[in-house]
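One-letter residues, chain by chain:
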Amino acid sequence: VQLQASGGGLVQAGGSLRLSCAASGRTFTMYAMAWFRRAPGKEREFVAAISWHGNGTVYADSVKGRFTISRDNAKNTVYLQMNSLKPEDTAVYYCAAHHRRLGVRQNSDNYNYWGQGTQVTVSS
């Protein structure tokens, strides 16, 4: 499956952004989806993940209550709604996919497919 992330940009602290990740090439419902991010000088970290049917989600503690992951299987797209953004949310955000038989995983080693990344910059 090919993944194309979009929606990043520059926003002030406290603002909102919605990231999108469009999938193509394989049946979208075969995959659980996730968002990861990498801040400058830091390791890539898990942000949020969603099951293939959309009923199961998991979030990193750092974004819980501020970010919402969702998916539209009819549009082959997964979203990340980011509210109350903080400067420490500044990073390149990547969408990723793994086969649904694994459930919903947080470890990036489980993800076989990755999008190209979209930059999110939050100014203070």
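Numbering of residues starts from 1 in each chain and follows the order in which that chain's sequence is written. The predicted nature of this model means local features are confined to residues of pLDDT at least 70 and side-chain atom pairs, given and counted, to a pLDDT of 80 or more, with totals for whole chains, interfaces and linings taken over all residues. Heavy atoms from the whole structure form the basis of all side-chain values; hydrogens and water molecules are not counted.

Chemist: I'd like a description of the state of the cysteines, backed by residues and values.
Modeler: The definition used for a disulfide is geometric: two cysteine sulfur atoms within 2.5 Å. The tally for this structure, following the rule as stated, stands at one disulfide. Note on cysteine connectivity: Cys-21 is disulfide-linked to Cys-95, with sulfurs 2.1 Å apart. Measuring the twist about the S-S bond at about 65°, one finds the Cys-21-Cys-95 disulfide to be right-handed. In this pair, Cys-21 is assigned in strand β3 (residues 17-24) and Cys-95 in strand β9 (residues 91-99), connecting sequence segments 74 residues apart. Of the two residues, Cys-21 and Cys-95, both sit in the buried class. Numbering goes from the N terminus for both helices and strands, where a helix is a DSSP run of H or I of at least four residues and a strand is a run of E of at least two. Whether a residue is buried, partly exposed or exposed follows from its accessible area with a 1.4 Å probe, protein chains only, as a fraction of its type maximum: under 20%, in between, or over 50%, in that order.

Chemist: So what's going on with the sheet that holds β3? Which residues, and what values?
Modeler: Within the open sheet, the four strands sit side by side as β1-β3-β8-β7. Their pairing is antiparallel. The outermost strands of the open sheet, each flanked by one partner alone, are β1 (2-6) and β7 (67-72). Going from strand to strand, the sheet's axes swing by 15° on average, the running direction of each strand aside. In the sheet, β7 pairs with strand β8 (residues 77-82) via six bridges, with the strands oriented antiparallel. Note that in β8 the partner of Phe-67 across the bridge is Met-82. Note on pairing: DSSP must find at least two bridges between two strands before they are called paired. In this analysis, axes come from line fits to C-alpha atoms, helices being fitted only over the stretch in contact, and the angle between any two N-to-C directions falls in the range 0 to 180 degrees.

Chemist: Pulling in residues and values, what's your account of the environment of Thr-77?
Modeler: On the secondary structure map, Thr-77 appears in strand β8. Along the chain, Thr-77 and Val-104 lie 27 residues apart, while their C-alpha atoms are 17 Å from each other. Those residues in contact with Thr-77 that sit more than four places away from it in its chain are Ser-20, Cys-21, Ala-22, Phe-28, Ser-70, Arg-71 and Asp-72. Any two residues whose heavy atoms approach within 4.5 Å at even a single point are treated as in contact.

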